[in-house]
Amino acid sequence: MIFTFARENTVDPSSLVHHHSSKERNMAGCVGLGQMIFEPILEERVFRFDCSEDDRNAAFPSISFENPKIRDTPIANPQKTPTHIPTFERVTGQQIVNIEFPPSTSFYGTGEVSGQLERTGKRVFTWNTDAWGYGAGTTSLYQSHPWILVLLPNGEAIGVLADTTRRCEIDLRKESNIKLVSSSSYPVITFGPFASPTDVLASFSRAVGKVFMPPKWALGYHQCRWSYDSDARVREIARTFREKKIPCDVIWMDIDYMDGFRCFTFDKERFPDPKSLVNDLHQSGFKAIWMLDPGIKKENGYYVYDSGSENDIWTQTADGKPYAGEVWPGPCVFPDYTQSKARLWWANLVKDFISNGVDGIWNDMNEPAVFKTVTKTMPESNIHRGDTDLGGRQNHSHYHNVYGMLMAQSTYKGMKLADEKKRPFVLTRAGFVGSQRYAATWTGDNLSTWEHLHMSIPMAIQLGLSGQPLAGPDIGGYAGNATPQLFGRWMGVGSMFPFCRGHSERDTTDHEPWSFGDECEEVCRVALQRRYRILPLIYTLFYFAHTEGIPVATPTFFADTKDLELRTHENSFMLGPLLVYASTGKDQELYEMQHKLPKGIWLDFDFEDSHPDLPALYLKGGSIIPVAPPHQHVDEATPTDDLSLLVALDEHGKAEGSLYEDDGDGYEYTKGGYLLTTYFAERKSSTVVVKVSKTEGSFTRPNRRLHVQLLLGKCAKIEAWGTDGEVLQIPIPSENEISELVLASEKRSKFRIESAKRIPESDGALGHKGTELSQTPVEMKSGDWLLKVVPWIGGRIISMQHLPSGTEWLHSRVDVNGYEEYSGVEYRSAGCSEEYSVIQRDLEQAGELESLNLEGDIGGGLILERQIYVSRKNPKLFGINSAIVARNVGAGSGGFSRLVCLRVHPMFNLLHPTESYVAFTAIGGSHHEVWPESGEQLFEGNLRPNGEWMLVDKGLGLALVNLFDIREVYKCLVHWGTGMVNLELWSEERPVAKECPLNIRHKYEVRAIP
């Protein structure tokens, strides 16, 4: 066998463990399969499962638990026993755990994941990954949460945590079964069954910790871009928000504020006086958040590098030298946050940095992301000299998934050191179970597409269901250019998310709320005014999340866990008792959709601001929510502002709700310095009485007016004024008068919607260099495959999902990568970006199950034709027949075209980069394994694969096989990149005529490997 490149030796993590003996490790592996043993921990209905007593004793310390000792300490005299006992099996160093549940069980959670809300049928891998431009089928994003929320058919719920920091496969493809696969050995913790998913999450939070209490300003709107590249531009953005009266609290500074991307520095020309800038922003009611990455430029004389080197805090290579990897500044070293001395060193740097007027810090690139490497991160063989209570000295594969969380923890501590009287605000891209204790998060580098708008709802909710409630997407999409309608619709939904930030990347058009025309600007203004109206509700929900572990945004099925139809509903979500119903499809009209609501009373209302591009709002019967005037920023509000209560009575004529108030920052609330008011409303005969039923805290109730709005449905309401804290009696009109009120309100609301100035659809949504992103891909679902094709950009295939395994093979976004074809030997020559026409699409064509025929004009009278099909004879295969044909070559050329080469250029995902390689047998009989370290390899002549080569993923146990006609393929090229690989087929290079086109006909299938 010929090995094209030698493999890098990795360090066995078990040989690095200091706190357990090798004898214990060997004993832990002696039991091969069976039921797991259990002991009760934490509280009733919470159980820890291990493969054996030896495994229990040998387990690594928990990093997910807020207090690791709780996981390792059984409780006395438990009253309950587990209802579902996992089984385990050990195979080649992997611990495989299975848990069976009743039929019709639904799965949620799994942290930061793309795609659908209900996770049944999905598989993810917990491995923090820089996943720019991810798709619905991407299996590893920026955070790792080996956690599943299980909803049983009877509405009860259970939580399952695989308490391992290592790469973990969460396989939910088998109905009502959880399969967990990770390196031996690790405990599994179950929570429940409890009566509701809320109870499960509350119990989970008592183990892994609750979200930090955010400063109130952090719940306002945030405006960000990569990058506002000067202090003048930042001031311009701030001034425009205030001039246009669009609410906003925060402006963000991306990496371009730094001097040469060196952390803790400022560019002396573009940001010469950050303190002055921040003072000006504060005067206008803005806060400023600045980015810090973990990669520290390796440069003598740079004080951060010199200090870190002096203190010996860098992550090391396997041979004990500081590891250097390429990031924005060039060669960088990386703090080893697994060491307490490194965390303190970083915290002190942050403490000093805050003195520049920094209000919050954004930790980015902390997976950690590394450029110019196939794995997108540092080698797994790198060494972390971790604290004993974290797991001791281990290789990077052990600490990779918690690197970002430990960085966020250090940043949070630094902000507290800087000012103990202020609440830190940290945003982190990478995270793990427990990150919510230190930082908010967002859903990473999404796309400006309708698909990503729709996905933003389940993604934000899924994080909340995994213990991280302070989360949201980049509103409008980070990569590519939104259309006005897409941006306005996204702002309407995004303004209701727990974390609300607009962000976009460089080389895109401006994505501020006023950048898309007057109609979109007005929708954004109203959307953000809505957010500021309901901020008292959002802040109250965060208080309960912080103190009780109750999620802030929840799926609609939380209102009725027994309704199976609601379990997959993704167009709506809830903020406490407030239901937000949105249209997230380009061709969806909100008020033409049937609104699927939970059982019970749900009263629709608005602020006289209904619009077809804004979500509909419903309040659950039996609820009261607090509402404020729509201020321009949080600090503009005063305690004596009018307080409004929206009241929706239940079938018994009663309602209740809470309002939490404190200073909005600081920690006086921990000493009783707050006011928690419970309001109660009850109908008594022809009067509704509203009063305070309970209070907590030492705050004095502000002297303010109380405005009660009793909802009747159809946006109708009865209003009354009083004084907060005093009993208010509201006379109720007769039934006829109420009917007239409702009818009149319905007519006004309908007129408002029909006469609203609609945002133009404007299909000119341009991505990088003019690429349209907003159209809907063509789907082909047949046999074993689900394919997505975008004819309008090079006829490219952007998704190649193998349904039986749930594996997405393509590395793609709409406007680049994926499967594309060229007409020359040059990279990205004609054929990859032209608009293709769909010539024919058949669901059943002779010999095929489904077929899609495309063609694109590549100039000079040439057409690139492509047929994509799934064979009836073998539905495990799908095929692509491509040809460059001479359609209209001039007579002066003798009927022959220019010199062309048909170059097939697919870009495939590497889900397990260090366990993936390309294998084939050459025409000459030699056997080849091409590993990522080899870079680029070109095979010609007898070294070409003999009609078949495969991308092998040992981690998946699968191979993607590419079969082709060797008579049509003259060269085969393998190119390894960051997290991806190209397997290219090249035809001969020659002119073509009508009678002699260039063809490449090839097929793909997935095979299991031994």
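Structure's up top.
This one's a predicted model, so the numbers in the text were calculated from it and none came from an experiment.

**Focus on the packing of aromatic side chains**
With the rule as written, the count across this model stands at 54 aromatic pairs. Their ring planes at 15° and their centres at 6.0 Å tell us that Tyr 305 and Trp 314 sit as a pair that is stacked. Overall, Tyr 305 belongs to the buried group, its relative accessible area being 12%. Taking the relative accessible area as the measure of exposure, Trp 314 reaches 3% and is therefore buried. Among the aromatic residues, those joined into a ring-pair cluster are Tyr 257, Phe 264, Phe 266, Phe 271, Trp 290, Tyr 305, Trp 314, Tyr 337, Trp 345, Trp 346, Phe 353 and Tyr 403. We note Arg 501 situated over the ring of Trp 362; from NZ or CZ to the ring centre the distance is 4.7 Å.

**Some details on the sheet that holds strand S18 (residues 296-297)**
Across a sheet, paired strands are connected by hydrogen bonds in the backbone, their directions being either parallel or antiparallel. With respect to topology, three strands assemble into an open sheet ordered S18-S20-S19, the strand pairing being antiparallel. Here the strands that pair on one side only, and so sit at the sheet edges, are S18 and strand S19 (325-327). Of the strand pairs in this sheet, S18 and strand S20 (residues 330-333) are connected by two bridges, and their pairing is antiparallel. In the strand pairing of S20, Lys 297 is matched with Cys 332.

**With respect to helix H13 (residues 518-533)**
Its 16 residues place the ends of H13 22 Å apart at the C-alpha level, agreeing with the 22 Å of an ideal helix rising 1.5 Å per residue. Packing partners of the buried residues in H13 comprise strand S15 (221-223), helix H12 (484-494), strand S29 (500-502), helix H14 (535-548) and strand S34 (616-620).

**Section: the nonpolar core**
Counting 168 residues, the largest nonpolar core has Phe 191, Tyr 257, Trp 290, Phe 425, Phe 573 and Leu 575 as its most contacted members. Looking at this core element by element, the count peaks at nine residues for H14. Of all hydrophobic cores here, the second largest spans 53 residues; its members include Trp 785, Trp 949, Leu 998 and Tyr 1004.

**Some points on the state of the cysteines**
Under the definition given, this model contains zero disulfides. Free of any disulfide, Cys 224 has its nearest neighbouring cysteine sulfur in Cys 248, separated by 11 Å.

**Some remarks on the pattern of salt bridges**
Applying the stated criterion across every chain, the model contains 59 salt bridges. As a salt-bridge pair, Asp 72 and Arg 71 come within 3.0 Å of each other at their nearest N and O atoms. Under the relative-accessibility criterion, Asp 72 is labelled partly exposed at 40%. A relative accessible area of 0% means that Arg 71 is categorised as buried.

**Some details on the sheet that holds strand S13 (residues 177-183)**
Read across the sheet, six strands follow the order S2-S5-S6-S13-S12-S8 without closing on themselves; strand pairing throughout is antiparallel. Sheet topology places strand S2 (33-35) and strand S8 (123-126) at the edges, where each strand pairs with a single neighbour. Adjacent strand axes in the sheet meet at a mean angle of 15°, parallel and antiparallel pairs treated alike. Examined bridge by bridge, S8 and strand S12 (residues 168-171) share four bridges and lie antiparallel to one another. Bridging from a neighbouring strand, Phe 125 pairs with Glu 169 of S12.

**Things to note about empty space enclosed by the protein**
Per the stated rule, a full pass over the model turns up six cavities of 30 Å³ or more. Taken as a whole, the largest cavity holds about 140 Å³ of empty space. Lining the largest cavity we find 19 residues, and of these Phe 60, Asp 163, Thr 164, Thr 165 and His 398 sit closest to its centre. Tallied by class, the residues present in the lining of the largest cavity amount to eight nonpolar, eight polar and three charged. In this model, the second largest cavity occupies a volume close to 100 Å³. Taken together, 14 residues make up the lining of the second largest cavity; nearest its centre are Ser 205, Gly 464, Gly 467, Pro 469 and Gly 549. For the lining of the second largest cavity, the element with the highest residue contribution is helix H4 (residues 197-208), accounting for three residues. Of the residues in the lining of the second largest cavity, the class split is seven nonpolar, six polar and one charged.

**Structural notes on the environment of Thr 139**
With respect to the helices, strands and loops of the structure, Thr 139 is situated in the loop between S8 and strand S9 (143-144). C-alpha of Thr 139 to C-alpha of Asn 909: the two residues are 770 residues apart in sequence and 9.9 Å apart in space. Once residues within four sequence positions are removed from consideration, Thr 139 is found in contact with Arg 123, Val 124, Phe 125 and Leu 911.

**Regarding helix H11 (residues 450-464)**
With 15 residues, H11 ought to run about 21 Å at 1.5 Å a step, and its terminal C-alpha atoms sit 22 Å apart, in line with that. Ser 456 marks where H11 bends most, by close to 30°; the proline Pro 458 follows one to four residues later. Across the 15 residues of H11, 13 count as buried, placing the element largely inside the fold.

Rules used in this analysis
- Each residue is numbered by its place in its chain's sequence as written, counting from 1.
- For a predicted model such as this one, the threshold for reporting local features is a pLDDT of at least 70, and the threshold for listing and counting side-chain atom pairs is 80 or more; totals across whole chains, interfaces and linings nevertheless cover every residue.
- To get the side-chain values, all heavy atoms of the structure are used, and hydrogens and water are removed first.
- Working definition: rings of Phe, Tyr and Trp (its six-membered ring) pair if their centres are within 6.5 Å, and the pair is stacked with planes under 30 degrees apart, edge-to-face with planes over 60 apart, and tilted otherwise.
- Each residue is assigned to one of three classes by its accessible area relative to the maximum for its type, calculated with a 1.4 Å probe on protein chains only: buried under 20%, partly exposed between the two thresholds, exposed over 50%.
- Note on geometry: a ring has a charge over it if NZ (lysine) or CZ (arginine) is within 6 Å of the ring centre and within 35 degrees of the ring normal.
- The rule for pairing is simple: two strands pair if DSSP sees at least two bridges between them.
- Per the convention used, a helix needs a DSSP run of H or I reaching at least four residues, while a strand needs a run of E reaching at least two, with both numbered from the N terminus.
- Expected span, for any helix, means 1.5 Å times one less than how many residues it has.
- When checking whether two residues touch, look at their non-hydrogen atoms; a contact exists if any pair is within 4.5 Å.
- Among buried residues, those of type Ala, Val, Leu, Ile, Met, Phe, Trp, Tyr and Cys that are joined through side-chain atoms within 4.5 Å constitute a nonpolar core.
- Disulfide: a pair of cysteine sulfur atoms within 2.5 Å of each other.
- One side-chain nitrogen of Lys or Arg within 4 Å of one carboxyl oxygen of Asp or Glu is enough to make a salt bridge.
- Comment: axis = line fitted to C-alpha atoms, over the contacting stretch for helices; angle = value between 0 and 180 degrees taken between N-to-C directions.
- Put plainly, a pocket is an open set of points on a 1 Å grid over the protein atoms alone with protein on both sides within 12 Å along at least five of seven lines, a cavity is a set where a 1.4 Å probe fits but cannot get out, and a lining residue has an atom within 4 Å of a point.
- Grid points are joined across faces, edges and corners, and a volume is the space filled by probe spheres set on the points.
- Asp, Glu, Lys and Arg are counted as charged, while Ala, Val, Leu, Ile, Met, Phe, Trp, Tyr, Cys and Pro are counted as nonpolar; the rest, among them Gly, fall into the polar class.
- The term bend refers to the angle at a residue between two fitted axes, each drawn through seven residues, those ending there and those starting there.

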